Amino acid sequence: MNRRKFIQNTAITGAGIATGVSAISCKEGESKTSETKKTTITSISKPNYISISTWNTESANTASGELLAKGKSALDAIIDGVAVEEANEENTTVGIGATPDREGNVTLDACVMSPDGDYGAVLAVENIVHVAALARKVMEETPHVIMASKGAEEFAYSQGFKKEKLLTPASEKAWKEWLKTSNYQPAINVENHDTIGMLAMDTSGEIAGVCTTSGLGYKMKGRVGDSPIIGAGLFVDDEVGAAVATGMGEEVLKTVGSFLVVELMRNGMSPQKACEEAIHRIVKKGDRYKDFQVAYIAMNKKGETGSYAIHEGFTMMKYQDGKSENINSDYFNKA
Ligand code: ASP
């Protein structure tokens with residue numbers, strides 16, 4: 001099963017968006033994860049532009065970075081950047097070739113946030129490859145922020161998107177293989193690329209973010225995770241910074257993780273500390289974290305970045321002022 005095997009299913013019931021984050025005033029240095037050794041790099045002087053993305057998504061992040069270098073807006077750069085992975089059939093978690101739900105339907109989720117605080121999202125969309133661009137259309141061409149399923153698909157056609165079969169021969173074969181056991185308890189392990197979340201700051205200093213995914217492999221029909229939900233999978237506040245999540249979406253939703261990271265940065269934490277604290281909100285709930293992965297990446301207005309995961313193996317791509325690096329993220333579970 002070529003899929004994000006690191007995501008351990010637990011009984012997935014009633015994931016919701018919590019509101020009223022209670023401890024957003026926690027100051028830097030108070031993080032209870034401070035015993036962990038940090039390897040994630042933060043920048044020293046403000047870069048001219050910067051693009052970061054989840055996992056080993058080098059081609060996509062470089063595409064975004066090169067557009068920023070040419071003076072493109074952060075919003076244009078990230079939409080075109082993640083399109084590289086959406087079109088990559090080898091990536092079984094995004095766009096064409098993605099792993100379907102347990103009934104064989106490939107359904108995609110995506111969202112985007114612009115520097116002026118606008119937001120657009122699409123949920124459970126079939127037959128459209130470039131759902132991040134579609135989310136942007138929702139943001140820019142409709143009075144709404146979220147469109148789901150068939151309505152989103154019909155809207156896509158009205159905007160000139162092509163109908164495409166997302167289930168490739170390879171993903172169909174893997175699904176049929178999976179059906180033999182229908183085992184929905186993958187062990188923690190990490191692949192080289194996964195759901196792509198991308199944050200960018202352009203040469204004018206504006207920040208935008210995007211997230212695009214097929215969600216959990218072999219999920220229940222109709223299941224939607226954190227990735228297209230504002231504040232959970234992604235949050236951008238151009239005055240402060242931005243954050244994006246990957247991993248077990250139900251846990252990110254229950255802690256409104258990306259909003260939490262941005263609010264912690266607003267209260268003075270570095271992107272690194274803020275990511276650590278958001279992971280801590282999840283792990284402190286009990287031992288279940290041992291069975292699933294969650295990771296955040298973040299950047300602030302100074303161009304500083306951070307990333308943190310529950311388990312080893314998460315990486316963040318960073319393209320800054322012409323240089324691309326893949327950064328091994330620090331993580332909580334050192335046991
Ligand atoms: N967060 C995504 C979801 O739960 C999955 C992932 O990032 O791998 O749908």
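Residues numbered from 1 in each chain as written. Predicted model: local features only at pLDDT ≥ 70, side-chain atom pairs only at ≥ 80, totals over all residues. Heavy atoms only, no water.

Chemist: Can you walk me through the sheet that holds strand E5 (residues 196-201) in this structure?
Modeler: One key point about sheets: their strands pair by backbone hydrogen bonds, in either a parallel or an antiparallel sense. Spatially, the eight strands line up as an open sheet ordered E4-E3-E2-E6-E5-E1-E11-E12, and their pairing is mixed. Every interior strand has two partners, whereas the edge strands, strand E4 (146-148) and strand E12 (323-328), have only one. Pairs of neighbouring strands in the sheet enclose a mean axial angle of 10 degrees, with direction left out of account. Sheet topology note: the strand E2 (residues 108-113)/strand E3 (residues 119-125) ladder contains five bridges and is antiparallel. (Pairing = 2+ DSSP bridges. Helix = DSSP H or I, 4+ residues; strand = E, 2+ residues; numbered from the N terminus. Axes fitted to C-alpha atoms, helices over the stretch in contact; angles between N-to-C directions.)

Chemist: What is the right way to look at the pairing of E3 in this model?
Modeler: In regular strands, side chains alternate between the two faces of the sheet. Of all seven residues in E3, seven are buried; the element is thus mostly enclosed. Connecting E2 to the antiparallel partner E3 that follows it, the hairpin turn spans five residues, and Gly117 within it adopts a positive phi of roughly 85 degrees. The β-α-β motif built from E3, the intervening helix H3 (residues 131-141) and the parallel element E4 has left-handed crossover chirality. (Buried < 20%, exposed > 50% of the residue type's maximum accessible area, 1.4 Å probe, protein only. Right-handed = clockwise from strand over helix to strand, strands pointing away.)

Chemist: Could you clarify how one ought to interpret the nonpolar core in this entry?
Modeler: Soluble globular proteins tend to pack their nonpolar side chains together in the buried interior. Within the largest apolar cluster, 58 residues are counted, with the highest numbers of intra-cluster contacts made by Leu199, Val261, Ile279, Val294, Tyr296 and Ile310. With near-sequence residues (within four places) excluded, Val294 lies in contact with Thr246, Gly247, Met248, Glu251, Val252, Ile279, Ile282, Tyr308, Ala309 and Ile310. Counting residues in hydrophobic clusters, the runner-up holds 40 residues, among them Ala74, Val106, Leu134 and Met139. (Core = buried A, V, L, I, M, F, W, Y, C linked by side-chain atoms within 4.5 Å. Contact = heavy atoms within 4.5 Å.)

Chemist: Is there a simple way to explain helix H2 (residues 74-86) in this structure?
Modeler: Every α-helix carries 3.6 residues per turn, so stepping three or four residues along brings you back to the same face. Spanning 13 residues, H2 covers 18 Å between terminal C-alpha atoms, matching the ideal 18 Å at 1.5 Å per step. The element H2 is largely enclosed, with a buried count of ten among its 13 residues. Within H2 the residues assigned to the buried category are Ala74, Leu75, Ala77, Ile78, Ile79, Gly81, Val82, Ala83, Glu85 and Glu86. (Expected span 1.5 Å × (residues − 1).)

Chemist: Just to check I follow, could you spell out the pairing of E5 for this structure?
Modeler: Counting buried residues along E5, six of its six residues qualify, which places the element largely inside the surrounding structure. Of the pairings in the sheet, the one linking strand E1 (residues 50-54) to E5 comprises four bridges and is antiparallel in character. Note on E5: the bridge partner recorded for Ser53 is Met198. Pairing analysis gives six bridges linking E5 to strand E6 (residues 207-213), with the strands arranged antiparallel. Looking at E6, one finds that Leu199 is bridged to Gly209. Here E5 folds back onto E6, and the loop between the two strands holds five residues, one of which, Gly205, carries a positive phi near 90 degrees.

Chemist: How do you make sense of the environment of Gly81 when you look at a structure like this?
Modeler: Checked against the element boundaries, Gly81 lands in helix H2. Beyond its immediate stretch of four places on either side in the chain, Gly81 contacts Ala60, Ala63, Ser64 and Met198.

Chemist: Looking at this structure, how should I read the side chain of Thr57?
Modeler: Position of Thr57 relative to the elements: it lies in the loop between E1 and helix H1 (58-69). Assessed through its relative accessible area of 0%, Thr57 is described here as buried. Here Ser53 takes part through its side chain, which lies 2.7 Å from a polar atom of the side chain of Thr57. (Polar contact = N/O pair within 3.5 Å; in protein donor to acceptor, adjacent residues only side chain to side chain.)

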